[in-house]
Amino acid sequence: MRIDIVTIFPEFFATLDVSLLGKARQSGLIQTHVHDLRDVTTDKHRTVDDTPYGGGAGMVMKPEPWGDTLDAILADPESSQRPVLIVPSPAGEPFTQAVAKEFSREEQLIFACGRYEGIDQRVSDHFATRMTVRPISLGDYVLNGGEVASLAMIEAIGRLIPGMVGNPDSLVEESHEDGLLEYPSYTKPAVWRDLEVPEVLLSGNHAAIAAWRHEQQLERTKLIRPDLLPE
Ligand code: ADE
């Protein structure tokens, strides 16, 4: 998979070298290209924002640098025929495991990291004719920009690419894969600070363990995320 990231803070993406994603990049499973939006500006101050038409607080990102940068990515002979443009925004569609899975099957993702009050709407409107444009929200809170949201999405998507996670079973038995929260996990020692590991986990009875874990998933989900359960 090819991942392009457009940002005024390329430094945020130094962490792509770390951990599993770093390994995936070294092995060629993922290629990342970070583009500094200011590189296409021509004025002395390398301006990327301006005041909003209609008034109001804050600044809006100008369309020209976005247009030039995205044009250049699309013109790259190594770009795919129809990449997906992901625009992180608190006004976007919620990011879920299902959305991550959908994106993990794409050939190329482009993350447009907006700052300030967002990007001039015409950028999405124009590129929707040339790419699939998906405004995506990480949750009902406001970040300072799309960089941290993009990193979170890249990690969630990247680990679903076949070959990324060493043991594919570990992908199946985790929160949100079956619509429930994950069961609690324990490792050695069997007693720690007077707290014992639940006896069933030491029994060797695989059916009983599976039943206990499912029960724990239901209880946790009912308590913490009742909205995930069917009525
Ligand atoms: N940018 C600012 N807030 C955001 C959020 N909640 N999700 C995605 N991108 C954002």
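As the structure is a prediction and not an experimental result, all values here were calculated from the model.

**Q** How should I be thinking about the pairing of strand β2 (residues 31–36) in this particular structure?
**A** Every regular strand shows the same layout, with side chains that alternate between the two sheet faces. Pairing between strand β1 (residues 2–7) and β2: six bridges, direction parallel. Bridged to Val6 within β2 is His35. One crossover worth recording links β1 to the parallel β2 by way of helix α1 (residues 19–26), and it is right-handed.

**Q** Help me understand the sheet that holds β1 in this model?
**A** Neighbouring strands of a sheet are bound in pairs by backbone hydrogen bonds; such pairs are parallel or else antiparallel. With parallel pairing, five strands are arranged side by side in an open sheet as β2-β1-β6-β5-β7. Strand pairing shows two members of the sheet lacking a second neighbour, β2 and β7 (132–137), which therefore form its edges. The average undirected angle you get between the axes of adjacent strands in this sheet is 30°. Alignment of strand β5 (residues 84–94) against strand β6 (residues 108–112), held across three bridges, turns out to be parallel. The residue of β6 that forms the bridge with Ile86 is Phe111.

**Q** Just to check I follow, could you spell out the nonpolar core for this structure?
**A** Looking at soluble globular proteins, one finds that nonpolar side chains tend to be buried together. Counting residues in each nonpolar core, the largest one holds 36 residues, and the members touching the most others are Val6, Leu85, Ile86, Ile110, Phe111, Ala112 and Met153. For this core, the secondary structure elements donating two or more residues are β1, α1, β4 (60–61), α2 (63–75), β5, β6, α4 (121–127) and α5 (146–158). Among residues more than four places away in sequence, those in contact with Ile110 are Asp4, Val6, Ile73, Pro83, Leu85 and Ile86.

How each quantity is defined
- Residues numbered from 1 in each chain as written.
- Predicted model: local features only at pLDDT ≥ 70, side-chain atom pairs only at ≥ 80, totals over all residues.
- Pairing = 2+ DSSP bridges.
- Helix = DSSP H or I, 4+ residues; strand = E, 2+ residues; numbered from the N terminus.
- Right-handed = clockwise from strand over helix to strand, strands pointing away.
- Axes fitted to C-alpha atoms, helices over the stretch in contact; angles between N-to-C directions.
- Core = buried A, V, L, I, M, F, W, Y, C linked by C-beta atoms within 7 Å.
- Buried ≥ 20, exposed ≤ 12 C-beta atoms within 10 Å, placed from the backbone.
- Contact = placed C-beta atoms within 7 Å.

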